[in-house]
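The chain contents come next:
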Amino acid sequence: ENSSMFRAPQFFDIQKQWGKQDFNQKNLVLAASLERKTSKGIFEPYMFVVGDGDFAINGPRGEAQQLMPDNVNLMVNAIDWLTDETGLIDLRTREILSRPIDNLDDATKTILKWMNFMLPVLLIILMGIYRFYRMKHIRKKRMEDRYE
């Protein structure tokens, strides 16, 4: 409802006491993203500016309230955009969807759960047994070489 606009470049005096007369416009964009052109002619993320710093906190001065999901998405997307060097943000989906591979019956689900739990344990045990016998064989061979 209360906003204002200044032409760039603008230097702010942090000591200035702002009043209502300084904000005499309405419905201005209060967030902006800036890009810079590299020497290769590619535009890369440079800065993200938001006019209200409270949009991402959980209530003013510790008064807890529910975070607005859109504000959280804006902040997360802005951080991703600023730090993304590989272009992965373009692959990001807007919402989380459950995509099961197939509809499985309960017996198959149970078998898969036990396999997922037991298979890694069995592989570790088998690897330990293999290493034990391999090291035993190496020790035995070393002992024979020394006493020949």
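Residues numbered from 1 in each chain as written. Predicted model: local features only at pLDDT ≥ 70, side-chain atom pairs only at ≥ 80, totals over all residues. Heavy atoms only, no water.

### Some details on the overall build of the protein
Line of reasoning, step 1. Helices and strands together make up the secondary structure of the protein, namely 2 helices and 2 strands.
Line of reasoning, step 2. Counted from the first residue to the last, the protein has its helices and strands arranged as β-β-α-α.
Line of reasoning, step 3. Here the protein holds 148 residues, and the buried ones make up 5% of them.
Line of reasoning, step 4. Contacts spanning at least 24 positions in sequence make up 24% of the contacts within the protein whose residues lie at least 6 apart. (Helix = DSSP H or I, 4+ residues; strand = E, 2+ residues; numbered from the N terminus. Buried < 20%, exposed > 50% of the residue type's maximum accessible area, 1.4 Å probe, protein only. Contact = heavy atoms within 4.5 Å.)

### Describing the packing of aromatic side chains
Line of reasoning, step 1. Tallying each qualifying case throughout the model produces 3 aromatic pairs.
Line of reasoning, step 2. Taking 5.7 Å as the distance between ring centres and 35 degrees as the angle between the ring planes, the aromatic pair formed by Trp18 and Phe23 counts as tilted.
Line of reasoning, step 3. In this structure, Lys16 packs its charged tip against the face of Trp18, placed 4.4 Å from the ring centre. (Phe/Tyr/Trp six-rings, centres within 6.5 Å; stacked < 30°, edge-to-face > 60°. Lys NZ or Arg CZ within 6 Å of the ring centre and 35° of its normal.)

### Quick word on the pattern of salt bridges
Line of reasoning, step 1. On inspection of all chains with the given rule, the structure shows 1 salt bridge.
Line of reasoning, step 2. Residue Lys16 pairs with Asp22 through a salt bridge whose shortest N-O separation is 3.8 Å.
Line of reasoning, step 3. We classify Lys16 as partly exposed; its relative accessible area is 37%. (Salt bridge = Lys/Arg side-chain N within 4 Å of Asp/Glu carboxyl O.)

### A closer look at the pairing of strand β2 (residues 43–50)
Line of reasoning, step 1. Pairing of strand β1 (residues 31–37) with β2, which is carried by 7 bridges, proceeds in the antiparallel orientation. By the bridge assignment, Ser33 is partnered in β2 with Phe48.
Line of reasoning, step 2. What sits between the antiparallel neighbours β1 and β2 is a turn of 5 residues, in which Gly41 has the positive phi angle 85 degrees. (Pairing = 2+ DSSP bridges.)

### Re a nonpolar patch on the surface
Line of reasoning, step 1. A grouping of Trp114, Phe117, Met118, Val121, Leu122, Ile125, Leu126, Ile129, Phe132 and Tyr133 is seen on the molecular surface, where their side chains present a nonpolar patch of about 1,000 Å² in accessible area.
Line of reasoning, step 2. For Ile125, the location among the structural elements is in helix α2 (residues 106–146). (Patch = residues over 30% accessible without salt bridge, like charges linked within 9 Å, V, L, I, M, F, W, Y side chains within 5 Å. Areas by Shrake-Rupley, 256 points an atom, 1.4 Å probe, with all protein chains shown as cover.)

### A word on the side chain of Asp22
Line of reasoning, step 1. You can see Asp22 is positioned in the segment before β1.
Line of reasoning, step 2. Engagement of the side chain of Asp22 in a polar contact is seen with the backbone nitrogen of Gly19, the distance being 3.0 Å.
Line of reasoning, step 3. Apart from the residues lying within four places of it in its own chain, the contact partners of Asp22 are Ser4, Lys16 and Gln17. (Polar contact = N/O pair within 3.5 Å; in protein donor to acceptor, adjacent residues only side chain to side chain.)

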